[in-house]
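Below, each chain spelled out in residue letters.
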Amino acid sequence: MNYKLIFFDLDGTIIDDIEFIWYVLHDHFGVSRDLVKKWHKKFDEGEITYEEWFNEDVKWWKKAGAKKKDFFDAVKKLKLMHGALETLNTLKDKGCKLIIVSGSLNIVVEYFFDKDMFDYVFINELEFGFDDEISGYKVTKHDFHHKATAVRQVAEKEGIDLSECVFVGDNYNDKQAVETAGLGISFNSHSKELDEVADVKIKKKDLREILRYLL
């Protein structure tokens, strides 16, 4: 199969040693893990919307006086998954289009990658004012149960069949996207649910391992 659209989750897939960027940032800004888990549970149980959850996170960061450079200080402690850049560049050289579909934050993409690395990026965005403080945000519509929607939207826009799409993810919120793409890859998985629906399961923490299934 000649795969043309390669979709990636970010945290835990392209970025190593991380499940969700939110925990990294909350720890950096001194937000209680118990409080974070409480709000995560509220979302999981349908008590709050995704946007309400995001808004609460931003409130905590503002209260901590967080500025853009502080977010970069937190992010620079992270590292790319082994083989990530080689994998992405190899796929681009082969003419594949690369897409991020993630509940992470734009600052992570901005810190690690050139602007032209990805053809599409579906992600939460933080905006900063002239004083380097948070001035606003944009909540992604494509996390949890809606990552598959992003896959279908890009495939339709590009005129490419879903059978020629690949989704690479590591957690339960990637499940529907993995089921939707022609090839679903569970990489460095944190989720039994995801592993059960994936066409390919890769446990070795080297992103180059996906290339044997794509090229």
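Please refer to the structure higher up on the page.
Residues numbered from 1 in each chain as written. Predicted model: local features only at pLDDT ≥ 70, side-chain atom pairs only at ≥ 80, totals over all residues. Heavy atoms only, no water.

J.: Sorry, what's going on with the packing of aromatic side chains here?
T.: Aromatic rings in a pair are described by how distant their centres are and how their planes are angled relative to each other. Taken as a whole and assessed by the stated rule, the structure comprises 21 aromatic pairs. Note on tryptophan 22 and phenylalanine 54: the rings are 5.3 Å apart at their centroids and 80° apart in plane angle, and the pair reads as edge-to-face. Separated by 32 residues along the polypeptide, tryptophan 22 in helix α1 (residues 21-28) and phenylalanine 54 in helix α3 (residues 50-63) bring together distant segments of the chain. Taking relative accessible area as the criterion, tryptophan 22 reaches 11% and is therefore assigned buried. Pairing tyrosine 50 with tryptophan 53 gives two aromatic rings, centres 6.0 Å apart and planes at 90°, and the pair type is edge-to-face. Here tyrosine 50 and its partner tryptophan 53 are both found in helix α3, 3 residues apart, which amounts to about one turn of the helix. Considered together, tyrosine 50 and tryptophan 53 belong to a single accessibility category, that of buried residues. Taken together through their ring pairs, the aromatic side chains of Trp22, Phe29, Phe54, Trp61, Phe71, Phe128 and Tyr137 make up a single cluster. We note lysine 42 situated over the ring of tryptophan 39; from NZ or CZ to the ring centre the distance is 5.6 Å. (Phe/Tyr/Trp six-rings, centres within 6.5 Å; stacked < 30°, edge-to-face > 60°. Helix = DSSP H or I, 4+ residues; strand = E, 2+ residues; numbered from the N terminus. Buried < 20%, exposed > 50% of the residue type's maximum accessible area, 1.4 Å probe, protein only. Lys NZ or Arg CZ within 6 Å of the ring centre and 35° of its normal.)

J.: Would you mind showing me how to read the pattern of salt bridges here?
T.: Here the idea is simple: oppositely charged side chains can pair when their charged atoms come close. A full pass over the atoms with the stated rule returns 19 salt bridges. Two residues, lysine 69 and aspartate 70, come together in a salt bridge whose shortest N-O distance is 3.3 Å. Judged by relative accessible area, lysine 69 falls into the partly exposed class, the value being 48%. Aspartate 70 sits in the buried class, given a relative accessible area of 16%. Residue lysine 76 is joined to aspartate 73 by a salt bridge in which the shortest nitrogen-to-oxygen separation is 3.4 Å. Among the residues examined, lysine 76 registers a relative accessible area of 49% and is labelled partly exposed. Through salt bridges with shared partners, one network takes in Asp16, Asp17, Lys79 and Lys205. (Salt bridge = Lys/Arg side-chain N within 4 Å of Asp/Glu carboxyl O.)

J.: Teacher, can you tell me more about the layout of surface pockets here?
T.: To find leftover empty space, a probe the size of one water molecule is rolled over the atoms. By volume, the largest pocket amounts to about 210 Å³. What lines the largest pocket is simply Asn106, Val109, Glu110, Phe113, Asp114, Lys115, Phe118, Val121 and Ile123. Tallying contributions element by element places helix α6 (residues 106-112) first for the lining of the largest pocket, with 3 residues. A per-class count over the lining of the largest pocket returns 5 nonpolar, 1 polar and 3 charged. (1 Å grid on protein atoms, 1.4 Å probe; cavity = no way out; pocket = protein on both sides within 12 Å on 5 of 7 lines; lining within 4 Å. Points joined across faces, edges and corners; volume = space filled by probe spheres on them. Nonpolar A, V, L, I, M, F, W, Y, C, P; charged D, E, K, R; others polar.)

J.: What is the right way to read the pairing of strand β1 (residues 5-8) from this model?
T.: Side-chain alternation along β1 places Leu5 and Phe7 on one buried face and Ile6 and Phe8 on a second face that is also buried. Here β1 pairs with strand β2 (residues 97-105) via 4 bridges, running parallel. Among the inter-strand pairings, phenylalanine 7 is bridged to a residue of β2, identified as isoleucine 99. The sheet contact formed by β1 and strand β5 (residues 165-169) spans 4 bridges and is parallel. Bridge pairing in β5 links phenylalanine 7 to phenylalanine 167. (Pairing = 2+ DSSP bridges.)

J.: Is there a simple way to explain the sheet that holds strand β6 (residues 183-187) in this structure?
T.: Within a sheet, each strand pairs with its neighbour through backbone hydrogen bonds, oriented either parallel or antiparallel. The strand order across the open sheet formed by 7 strands is β4-β3-β2-β1-β5-β6-β7, and the pairing between neighbours is mixed. Strand pairing shows two members of the sheet lacking a second neighbour, β4 (134-138) and β7 (200-202), which therefore form its edges. Mean inter-strand twist for the sheet, computed between neighbouring axes without regard to direction, equals 20°. (Axes fitted to C-alpha atoms, helices over the stretch in contact; angles between N-to-C directions.)

J.: Any chance you could explain empty space enclosed by the protein here in plain terms?
T.: According to the stated counting rule, one finds 1 cavity of 30 Å³ or more in the structure shown. Considering only enclosed or pocket space, the largest cavity measures out at about 220 Å³ in volume. Along the wall of the largest cavity there are 22 residues; nearest its centre are Phe20, Trp22, Trp53, Gly103 and Asp143. Those elements that place two or more of their residues in the lining of the largest cavity are α1, α2 (33-44), α3 and β2. In terms of residue count, α3 provides more of the lining of the largest cavity than any other element does, 4 residues in total. Of the residues in the lining of the largest cavity, the class split is 8 nonpolar, 7 polar and 7 charged.

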